[in-house]
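Below, each chain spelled out in residue letters.
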Amino acid sequence: DLKPSNVLVSIVGDHPQPKVIDFGVAKATAQRLTEKTMFTELGMLIGTPEYMSPEQAEMTGLDVDTRTDVYALGVMLYELLTGGLPFESKELRQAGFEEIRRRIREVDPPKPSTKVRTQGEHSTEAAKNRQTDPGKLASRLQGDLDWIVMKALEKDRTRRYGTPSELSADLQRHLKHEPVLAGPPSATYRTRKFVRRHRFGVAVASLAVFGLAAFGVVMAIQAKTIAREHDRAERVSEFLVELFRVSDPSEARGNSITAREVLDPGAQRIEKELERERLVQAHMMLTMGLVYRNLGLPKNAAPLMSRAADLRIRLLGPEHPDTLRARSWLFWN
């Protein structure tokens, strides 16, 4: 009970010979294949899993067209070249119903050349039947034939050959040593398929990478901050060394030095020498202003403390504790 679209009739000698071309759906009519009577029901997997395309495994009835037949032809070509199926019958049929569908829809079979290299004794037998050895057979399959077969077996039907004739034409190009239309999938396409197959693992790995990247950024920021603080401390240290250089005996030449004589040059230089470190500059101005005030020199203290308060307002904002502290000292002064 096959539709006309499922049958190809060719003439062999003087007799017509029907051939089943829909390899995913066929029934045994001449003999029983199993002791168990099976009936096709709505929602059941209909067809031979080894030759079934991903869109057939979806069981929606949608997107089944000539590219479905291309997939089945690709399985046959795979079997002719390697002596094995993309998904071996024993392994596939041991899986449960949902696992069979998942493998057909999501798992990419090995390339024909890879299959020959990895199926052991079966490869030796297959190569012998083709009058060669496994190594030479794999080499012959590598390249064009790998690409042609894998294009026919694409999970995404839009990337397969559109019709069996297109598949045949590419095989003819190979036999004529012409460039084939099939080619290796792009890195972007392979990455997209990998992500689709391993969503959870990719998500976990992405989170781990993001975490490491964030950790690296934090560490880099901390290192930069530490380096900046170190440079700031160096500049303050150099400023203080220069500030008190006047008290060096070699500079003072035996004369007694007053605190004001130490502070006055520093008050003049602080604006220029600490220009790149405004917060440090404000702190030093406030400190020197307090020293002037404690020495009973409020006129010298006021400009420094006022400048320190203005800097903190601009850099930290009017409500920052350091700003309020500077303003309170200025007011008290």
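Further up the page is the structure itself.
Cut-offs and rules
- Residues numbered from 1 in each chain as written.
- Predicted model: local features only at pLDDT ≥ 70, side-chain atom pairs only at ≥ 80, totals over all residues.
- Heavy atoms only, no water.
- Helix = DSSP H or I, 4+ residues; strand = E, 2+ residues; numbered from the N terminus.
- Buried < 20%, exposed > 50% of the residue type's maximum accessible area, 1.4 Å probe, protein only.
- Contact = heavy atoms within 4.5 Å.
- Areas by Shrake-Rupley, 256 points an atom, 1.4 Å probe, with all protein chains shown as cover.
- Phe/Tyr/Trp six-rings, centres within 6.5 Å; stacked < 30°, edge-to-face > 60°.
- Lys NZ or Arg CZ within 6 Å of the ring centre and 35° of its normal.
- Polar contact = N/O pair within 3.5 Å; in protein donor to acceptor, adjacent residues only side chain to side chain.
- Axes fitted to C-alpha atoms, helices over the stretch in contact; angles between N-to-C directions.
- Parallel < 35°, antiparallel > 145°, perpendicular 65-115°, else oblique.
- Left-handed = near helix turned anticlockwise from the far one by under 90°.
- Nonpolar A, V, L, I, M, F, W, Y, C, P; charged D, E, K, R; others polar.
- Salt bridge = Lys/Arg side-chain N within 4 Å of Asp/Glu carboxyl O.
- Lys, Arg positive; Asp, Glu negative; His and termini not counted.
- Core = buried A, V, L, I, M, F, W, Y, C linked by side-chain atoms within 4.5 Å.
- Expected span 1.5 Å × (residues − 1).

The helix and strand tally for the chain stands at 16 helices and two strands. The buried share among the 333 residues of the chain stands at 30%. Long-range contacts, defined as pairs at least 24 residues apart, comprise 59% of the intrachain contacts of the chain with a sequence gap of at least 6. Counting every atom, the chain has about 21700 Å² of accessible surface; 58% of that belongs to carbon and sulfur.

Quick look at the packing of aromatic side chains now. Counted under the stated rule, the structure contains zero aromatic pairs. Here the guanidinium or amino end of Lys151 rests over the ring plane of Tyr161, the centre of that ring lying 5.4 Å away.

Another point: the environment of Thr82. By the secondary structure assignment, Thr82 is in helix α2 (residues 66-82). Linking Thr82 and Ala127, residues 45 residues apart in sequence, is a C-alpha distance of 7.9 Å. Side-chain polar atoms of Thr82 contact the backbone oxygen of Tyr78, separated by 2.8 Å.

With that out of the way, let us pick up the packing of helix α14 (residues 278-294) against helix α15 (residues 298-316). At a minimum axis distance of 8 Å, the contact between α14 and α15 shows a crossing angle of 150 degrees. Put simply, α14 runs roughly antiparallel to α15. Relative to α15, the crossing made by α14 is left-handed. Together, Arg278, Leu279, Gln281, Ala282, His283, Met285, Leu286, Met288, Gly289, Leu290, Tyr292 and Arg293 of α14 and Asn300, Ala301, Leu304, Met305, Arg307, Ala308, Leu311, Arg312, Leu315 and Leu316 of α15 make up the contact between the two elements. Taken together, the residues of the contact of α14 with α15 break down into 14 nonpolar, four polar and four charged.

Scanning all chains against the criterion turns up eleven salt bridges. Note that Arg67 and Asp65 form a salt bridge whose closest N and O atoms lie 2.9 Å from each other. Its relative accessible area of 28% is what places Asp65 among the partly exposed residues. Between Lys115 and Glu88 there is a salt bridge, and its shortest N-O distance comes to 3.0 Å. Here the residue Lys115 occupies a position in helix α5 (residues 112-118), and Glu88 occupies one in the loop between α2 and α3 (89-94), the gap between them amounting to 27 residues. Assessed through its relative accessible area of 30%, Glu88 is described here as partly exposed.

All right, on to the environment of Asp264 then. Within the fold, Asp264 resides in helix α13 (residues 259-273). Judged by its relative accessible area of 23%, Asp264 falls in the partly exposed class. In the structure, Asp264 is positioned 24 residues away from Met288 in sequence and 9.5 Å away in space, judged by C-alpha atoms. Contact partners of Asp264, with chain neighbours within four places excluded, come to Tyr292 and Asn300.

Put simply, α2 and helix α8 (residues 144-152) touch, their axes get as near as 7 Å, and they point 145 degrees apart. Between α2 and α8 the crossing geometry is left-handed. Between α2 and α8, the residues in contact are Val70, Tyr71, Gly74, Leu77, Tyr78 and Leu81 and Leu145, Ile148, Val149 and Ala152, respectively. Split by residue class, the contact of α2 with α8 holds nine nonpolar, one polar and no charged.

Here we come to unusual backbone geometry. One non-glycine residue, Gln131, lies in positive phi territory at about 55 degrees. With respect to the helices and strands, the residue Gln131 is situated in the loop between α6 (121-129) and α7 (134-141). The phi torsion at His177 lies on the positive side, around 60 degrees, for a residue other than glycine. Residue position: His177 is located in the loop between α9 (164-175) and α10 (187-197).

Once that is clear, we can look at the side chain of Asp146. Here Asp146 is to be found in helix α8. Buried within the structure, Asp146 lacks any salt-bridge partner; Lys111 is the closest side chain of opposite charge, at an N-O distance of 4.6 Å. In contact with Asp146, not counting residues within four places along its chain, are Lys111, Pro112, Ser113 and Leu141.

Judged by nonpolar contacts, the single largest core of 29 residues is most densely connected at Val75, Leu81, Leu141, Ile148, Val149, Leu153 and Tyr161. Mapped onto this core, the elements with two or more residues apiece are α2, α4 (97-106), α7 and α8. Apart from residues lying up to four places away in sequence, Val75 is in contact with Glu50, Tyr51, Leu85, Pro86 and Leu153. Counting residues in each nonpolar core, the second largest holds 19 residues, with Ile270, Leu290, Leu304 and Leu311 among its members.

In this section: α9. Spanning twelve residues, α9 covers 17 Å between terminal C-alpha atoms, matching the ideal 16 Å at 1.5 Å per step. Residue His177 follows α9 closely and has a positive phi angle near 60 degrees.

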